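Read off the chains here:
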Amino acid sequence: MSTDVLDHRKQLRARLDTLEGANGGGWENRKNWFEQVYTTAQGDTNEIPWAELKPKAPLVEWLETNKGEGRTALDVGCGLGDNANALHVAGWKASAFDVAPTAIEWAKKRFPSGEIEFRCADLFNPPADWVGKFDLVYECFTLQAIGIEMRGNVVAPLKSLVAPGGTLIILGRYYDGNGERSGPPWPLTDEEIAAYYGDGFEETARRTFVQHKDDGRKIPHIWLELTRST
């Protein structure tokens, strides 16, 4: 990657770190921070650090053998909508939400067919009509953005969205015990991940892998699939 691109990313991180809520301070502050990221971008996707404008590779790989065939799917923390669109293309009846209103409006403009239900919502208090509705709930890099002290509060709401017989997928940074656990984003620990087991949820797949960043860092990640039996 060119020096100009790396310099831009450093400048972008520095700018976003000045926004209120960048380093935590309660969920309301974090919600406001996400909205500020999108509003201050002023329509430029290069100013959104996580906007790759394509679905995550592990999801694309999984969807190759897991077509929706009309089943329901929910993309948690959808951002600009690329993962939600991948679900839709793979035959899932896709819904998606984000806590930032500007992100939702942006996603609707990028994918204007109306076949994906985009909604502004809060994972801590999801819409009542979504509880127990989805055959697939896909959480990608959202939990790692929530402050460590608040993570236990989203376990029940997230699991509640999965229909009996449905699948919960968690994709995020993973803390393997090596080095400092700094953030944001704060990587998920085994203890935090274990909170999603039980209450009818059983592991069906789990793998860890390393993502190589442009600046030379090697970041551990986890892909976890849990199926709800009841």
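Residues numbered from 1 in each chain as written. Predicted model: local features only at pLDDT ≥ 70, side-chain atom pairs only at ≥ 80, totals over all residues. Heavy atoms only, no water.

Q: Could you give me a rundown of the overall build of the chain, with the residues and numbers involved?
A: Of regular secondary structure, the chain possesses seven helices and seven strands. Starting at the N terminus, the α and β elements of the chain follow one another as α-α-α-β-α-β-α-β-β-α-β-α-β-β. For 230 residues, the compact-globule formula gives about 17 Å, and the C-alpha radius of gyration of the chain, at 17 Å, lands near that figure. In terms of principal-axis extent, the alpha carbons of the chain reach across some 50 × 45 × 35 Å. Every one of the 230 residues in the chain was classed for burial, and the buried ones make up 46%. A separation of at least 24 residues holds for 62% of the contacts in the chain among residues at least 6 apart in sequence. Carbon and sulfur atoms make up 48% of the accessible area of the chain, which amounts to about 11,200 Å² in all. (Helix = DSSP H or I, 4+ residues; strand = E, 2+ residues; numbered from the N terminus. Rg over C-alpha atoms; globule rule 2.2 N^0.38 Å. Buried < 20%, exposed > 50% of the residue type's maximum accessible area, 1.4 Å probe, protein only. Contact = heavy atoms within 4.5 Å. Areas by Shrake-Rupley, 256 points an atom, 1.4 Å probe, with all protein chains shown as cover.)

Q: Explain the pairing of strand 6 (residues 201-212) to me, using residue names and the numbers behind them.
A: Examined bridge by bridge, strand 6 and strand 7 (residues 218-228) share 11 bridges and lie antiparallel to one another. Looking across to strand 7, one finds that Arg206 is bridged to Leu224. A loop of five residues connects strand 6 with strand 7, the two strands running antiparallel in sequence, and Gly216 in this loop sits at a positive phi of about 95 degrees. (Pairing = 2+ DSSP bridges.)

Q: Can you break down the environment of Arg110 residue by residue, with the values?
A: Looking at where Arg110 falls in the secondary structure, it is placed in helix 5 (residues 101-110). Measuring from C-alpha to C-alpha, the distance between Arg110 and Asn29 comes to 27 Å, with 81 residues separating the pair along the chain. The contact partners of Arg110, leaving out residues within four places of it in the chain, are Leu53, Leu80 and Asp82.

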